[in-house]
Amino acid sequence: MDINQFFDRLWDDYVAMTPQAKRIKAAFEERGERVVNDHVAFRTLALEPIRLKSLEPHLLAVGYTPYEPYDFKDKKLSAYGYLPPEQEMPRVFVSELRVNELSPAAAKILEGLAAQVDPKRVEDPSILWAGPLWEPISYKDYQTLVDESEYAAWVASIGIRPNHFTIGVNYLTQTTSVEEVLQVVESLGYQVNASGGRVKGTPEVLLEQGSTLADRMPIQFAGGETHEVPTCYYEFAKRYPTESGELYPGFVAASADKIFESTDAKR
Ligand code: OOG
Ligand code: NI
């Protein structure tokens, strides 16, 4: 699979889960802008057979280079940033939940999900837009997870698939700050994640970011019950040049820590 096919599949899955993204992208295009993705992000569990390390080969296969690790102590997450093989292809951010740091009750729920995944399935690149790879969990277990780790609840209900795409604000010609972009997004009727401030990061840390609050969608839980849960969100990122003159290629952990909250079920 070539990298363009790869991202087409990811985008199709993403907009099916995130109708706001299609509308927001179209609105910027109607303003005459070229919408280029800064990065795409994935979430998983640090459990066999779906660990970050097991998903990584699919990124390497389409030309990505591992760049830098990140640690999120309170959220119990480890992450890695990847650089694209070509200009204007998105960077990639993959995180995984250190399940062994959770309570025995939460860990047991998640271990039950990972145990249902056939390791062979993980060898196909479509694992990255697979969605849930397990039977629906009970709504009670979902709530147990929400109380302990919003991230855990998200992965359990939504599965492995793009968590967000990100508009590269550097490519825009009319709304050249993240705050201006957020105002356009709000004018379309979407809410912004204000955790840690509307705009996270500063020119000094070479990256400014903002995001919407995730769309919500009814999904099926065990026993055929359906409940609305947060799905995916859209992010907006502006990069500043480093001393070498290249745009800063990485992520900023303190900002990312708040961006994760764009999918919180409890607001
Ligand atoms: C990722 C949050 C971090 C960034 O660009 O720093 C992030 C997530 O919500 O899975 O996207
Ligand atoms: Ni992001």
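Residues numbered from 1 in each chain as written. Chains lettered and ligands numbered in written order. Predicted model: local features only at pLDDT ≥ 70, side-chain atom pairs only at ≥ 80, totals over all residues.

### With respect to the overall build of the protein
Spelled out, the test is: Counting from the N terminus, the helices are the DSSP runs of H or I reaching at least four residues and the strands are the DSSP runs of E reaching at least two. In this setup the radius of gyration rests on C-alpha atoms only. A globule is expected at 2.2 Å times the number of residues raised to 0.38. Whether two residues are in contact depends on their C-beta atoms, placed from the backbone: they are in contact if these lie within 7 Å.
The secondary structure content of the protein amounts to 8 helices and 9 strands. For a compact globule of 267 residues, the expected C-alpha radius of gyration is about 18 Å, and the protein comes in at 18 Å, within 12% of that figure. Referenced to the eigenvectors of the C-alpha coordinate spread, the extents of the protein come out at roughly 50 × 40 × 35 Å. Contacts in the protein between residues at least 24 apart in sequence constitute 67% of all its contacts with a sequence separation of at least 6.

### Here's the deal with the sheet that holds strand 3 (residues 77–83)
Counted only if it meets this: Should DSSP find at least two bridges between two strands, the strands are taken to pair. All axes are obtained by fitting lines to C-alpha atoms, using only the stretch in contact for helices, and the reported angles, taken between N-to-C directions, cover 0 to 180 degrees.
Read from one edge to the other, the open sheet built from 7 strands follows the order 2-3-4-1-5-9-6, with strand pairing classed as mixed. Looking at strand neighbours, the two that pair on one side only are strand 2 (65–72) and strand 6 (207–211), the edges of this open sheet. Taking each pair of neighbouring strands and ignoring which way they run, the sheet shows an average axis angle of 20°. Two elements, strand 2 and strand 3, share 7 bridges in a ladder whose sense is antiparallel. Counterpart to F72 in the pairing with strand 3 is L77. Lying over the sheet, helix 3 (residues 52–61) contacts strand 1 (37–45), strand 3 and strand 4 (91–97), oriented at roughly 165° with respect to strand 4.

### Comments concerning unusual backbone geometry
Residue E48 is joined to P49 through a cis peptide bond whose omega torsion reads 0°. Position of P49 among the secondary structure elements: in the loop between strand 1 and helix 3.

### Side note on the packing of helix 5 (residues 139–148) against helix 6 (residues 150–158)
What counts is decided by this rule: Gly is placed with the polar residues, together with every amino acid not listed as nonpolar (Ala, Val, Leu, Ile, Met, Phe, Trp, Tyr, Cys and Pro) or charged (Asp, Glu, Lys and Arg).
The contact between helix 5 and helix 6 brings their axes to 5 Å, and the two run at 145°. Only E150, A152, A153, A156 and S157 of helix 6 make contact with helix 5, whose side of the interface consists of Y142, L145, V146 and E148. Broken down by class, the residue content of the contact of helix 5 with helix 6 amounts to 6 nonpolar, 1 polar and 2 charged.

### Section: helix 1 (residues 3–17)
In plain terms, the rule: Expected helix span is given by 1.5 Å per residue-to-residue step, counting one fewer step than there are residues. Three exposure classes are used, based on other C-beta atoms lying within 10 Å of a residue's own C-beta, which is placed from the backbone: buried for 20 or more, exposed for 12 or fewer, and partly exposed in between. This arc corresponds to the set of directions leading from the helix axis out to the C-beta atoms.
Taking 1.5 Å of rise per residue, the 15 residues of helix 1 would be expected to cover 21 Å, and the 21 Å separating its terminal C-alpha atoms lies within 8% of that figure. Among all positions of helix 1, only F6, L10, Y14 and M17 are buried. Down the axis, helix 1 shows its buried residues gathered within 60° of arc, on one side only. Seen from the buried face of helix 1, the exposed residues on the opposite side, beyond 90 degrees, are N4, Q5, D8 and D12. On the buried face of helix 1, the contacting elements are helix 2 (19–30), strand 1, strand 5 (164–168) and strand 7 (216–220).

### As for the site of ligand 1
The condition that has to hold: Here, nearness is defined through the C-beta atom: a residue counts as near a molecule or strand if that backbone-placed atom lies within 6 Å of it.
The environment of ligand 1 is formed by A41, R43, F93, S95, N163, Q209, E235, F251, S255, A256, I259 and F260. Considering each element in turn, the shell around ligand 1 owes the most residues, 3 residues, to helix 8 (residues 253–259). Taken together, the residues that form the shell around ligand 1 break down as 6 nonpolar, 4 polar and 2 charged.

### A word on the confidence of the model for the protein
Note the cut-off: Every residue gets a pLDDT, meaning the predictor's confidence in that residue, from 0 to 100.
Summary statistics for the protein give a mean pLDDT of 98 and a share of 100% for residues scoring 70 or more. For this predicted complex, the interface score ipTM comes out at 0.99, alongside a pTM of 0.98.

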